[in-house]
Amino acid sequence: MSASRERDVTRAFVELASSLANGYDVVELLSGLTADCAHLLDVASAGLLLADGRGVLHVMAASSERTRQLEVFQVQRADGPCRDCYLDGAPVSAPDLHEETDRWPQFAPAALKAGFVSVHALPMRLRNHVLGALGLFGTTAGSLSPDDLSLGQALADVASVALVQDKATTDQKTVNEQLQTALTSRIVLEQAKGVLAQQGSLPMEEAFTVLRHYARDNNLRLTAIAEAVVSRRLPAQQLLDRVRVRRP
Amino acid sequence: MVGGRRTYVAGVSRRGTVRLRSGIREAAISDDNRLRTALSEAMSGAGSALSAADLLCHACVELLQVDGASVSLTHEGSTQGTFGSSGEMSRQLDELQFTFGEGPCLDATRQGSPVLVADLDDPGENRWPAFAGALLRSGVNAVFALPVTIASQQIGALDLFRRRAGELRGAALAGGMLAAELAALPLLDLMSSDLDWDVAAQGGDGWEQLESLSRVEVYQATGMLIGALDIGPTEALVRLRAYAFSHGATAAETAWAIVEGRVSLEPREWLGPDGTTERPR
């Protein structure tokens, strides 16, 4: 491991540990974690998929907020490596998606069309529960190194811990409720992105940046800001003005 | 095997390893699939949103070992009340909650999680004195209220009534949760004053519709409608769905068109000529 990479890995874990110790917004933390994956591992994009009470996978966080890229993650409701990984609770590797169109007739063509060639999926586990999967997408064919895979799994494990806040719980009902709360936060975030994109004529990923900056500048949780925007308690214009002033 | 599910033969996966856990999971999934299909099929062919809700309630009685079922709309700003039921008795009992202003359906909606009462006659059970008394006098000893949620919003509840005291568990509880998900569709239709039911009835399988409504691009497009029309998230979803039906498209297709700027979001086109068209809030 090169010295600079080692520093990056250390910094990522120090930041995660500090968020976990000091209280955190689950959407913000998991978005940061997928960004860490994309940066630290030999992949182009990373996404976290969480299962709801029925076992349907939803996008919880992704390293890119580009809508078409989020689409590649969510298309795995029907088939795909993250879905298999979730159902089996074990890693799934697909070094070349060109060879997987029989295995995943819906997912493989969609991912290839979006420019992805390889996928590695790692399970998000918490004791005896499988919560979802971390998908790591590459734009070239090939397998991830064992080092990258174990680092990716460590990041997925942190994500699982962050999601289930009541650490002592072994009750499936409580786990499901906490996952549902996280998924609800993500829905509201997507809606808030839409409000800002429409009001400010912005692409969705920039709308996300505006929300994030506003939350940070005001020391508020991303989820709370998103809720205030969607319920129209906080005018979208106020966020747009503030961020424009900040970045002329 | 139902579309897209992975195939396991006698607990052995394609990769040849024995996966007992997958086998058990597959058994549960196939039970789940049976209920999913039966509940969704029960609603197909309905002539109106009200009859779709009624048919769903009948299916609950048939499949979930309960004696009555009803669906109510509790979304703030909508005309609240009981809309679908398995019969007159269930409808009347359910409506009492709105008369008394108390009951499991209202609680389930407020808290966003199921309210399950295995024995209304239990001395410790005193949450709804008036409503529980009325249920007991009608011979109902257990009541289960499951919230109906769409895109993070609580819009109503499915109430299941049973004469026999005891918990709702296993497949009956799982089936109740599935029915509560499906109940979102007729409730959304009821909230849409300008939705043409004949078109809506051709919207296809209920699960496909729900899947289409729970996609990232739909949430984003809903947000854009909130911004453009100054309406709440539920109304925005109702309007997106009505627009999709009237254009012969799925919710997800319509959402893509909105997100990519291919659909005008001019209020006069979405809310009527003067922007004051009667609309659910």
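Residues numbered from 1 in each chain as written. Chains lettered and ligands numbered in written order. Predicted model: local features only at pLDDT ≥ 70, side-chain atom pairs only at ≥ 80, totals over all residues.

Scanning chain B from N- to C-terminus turns up 13 helices and five strands. For chain B, with 281 residues in total, the buried portion stands at 49%. Residue pairs at least 24 apart in sequence account for 61% of intrachain contacts in chain B once pairs closer than 6 positions are excluded. (Helix = DSSP H or I, 4+ residues; strand = E, 2+ residues; numbered from the N terminus. Buried ≥ 20, exposed ≤ 12 C-beta atoms within 10 Å, placed from the backbone. Contact = placed C-beta atoms within 7 Å.)

A few words now on the sheet that holds strand E5 (residues 153–162) of chain B. All names here are of chain B. With respect to topology, five strands assemble into an open sheet ordered E2-E1-E5-E4-E3, the strand pairing being antiparallel. Looking at the sheet topology across the chains shown, the edges are occupied by strand E2 (81–85) and strand E3 (115–117). Recorded for the sheet is a direction-independent mean angle of 25° between the axes of neighbouring strands. In this structure, strand E1 (residues 68–73) lies alongside E2, joined through four bridges in antiparallel fashion. Within the sheet, the bridge partner assigned to Ser70 lies in E2 and is Ser85. Contacts from helix H2 (residues 49–63) reach E1, E2 and E5 within the one sheet, and its direction differs from that of E2 by about 65°. Strands in contact with helix H3 (residues 88–100) are E1, E2 and E5; relative to E2, the strand with the most contacts, it is inclined by about 160°. (Pairing = 2+ DSSP bridges. Axes fitted to C-alpha atoms, helices over the stretch in contact; angles between N-to-C directions.)

Our focus in this paragraph is the nonpolar core. Residues Leu211 of chain A together with Leu56 and Ala183 of chain B are the most contacted members of the largest nonpolar core, which totals 160 residues. The element contributing the most residues to this core is helix H7 (residues 172–200) of chain A, with eleven residues. Sequence-distant contacts of Leu211 of chain A, defined by excluding residues within four places in its chain, comprise Ala192, Lys193, Leu196, Leu222, Ile225, Ala226 and Leu239 of chain A. (Core = buried A, V, L, I, M, F, W, Y, C linked by C-beta atoms within 7 Å.)

We now examine the interface of chain A and chain B. Contacts between the two partners involve 28 residues from chain A, matched on the other side by 23 residues from chain B. A total of 13 residues in the side of chain A that touches chain B trace back to one element, the largest contributor, which is H7 of chain A. A per-class count over the side of chain A that touches chain B returns twelve nonpolar, eight polar and eight charged. (Nonpolar A, V, L, I, M, F, W, Y, C, P; charged D, E, K, R; others polar.)

Below, the discussion takes up the confidence of the model for chain B. Residues and elements named next belong to chain B. Counting all residues, the mean pLDDT for chain B is 84, and 82% of those residues have values of 70 or more. Taken together, the stretch residues 1–21 has pLDDT below 50 and engages in 20 contacts with residues farther than four places along the chain or on a different chain. Low pLDDT, under 50, characterises residues 275–281; the predicted model gives this stretch 17 contacts beyond four residues in sequence or across chains. Across the assembled chains, the prediction reports ipTM 0.90 with pTM 0.87. (pLDDT = per-residue confidence, 0-100.)

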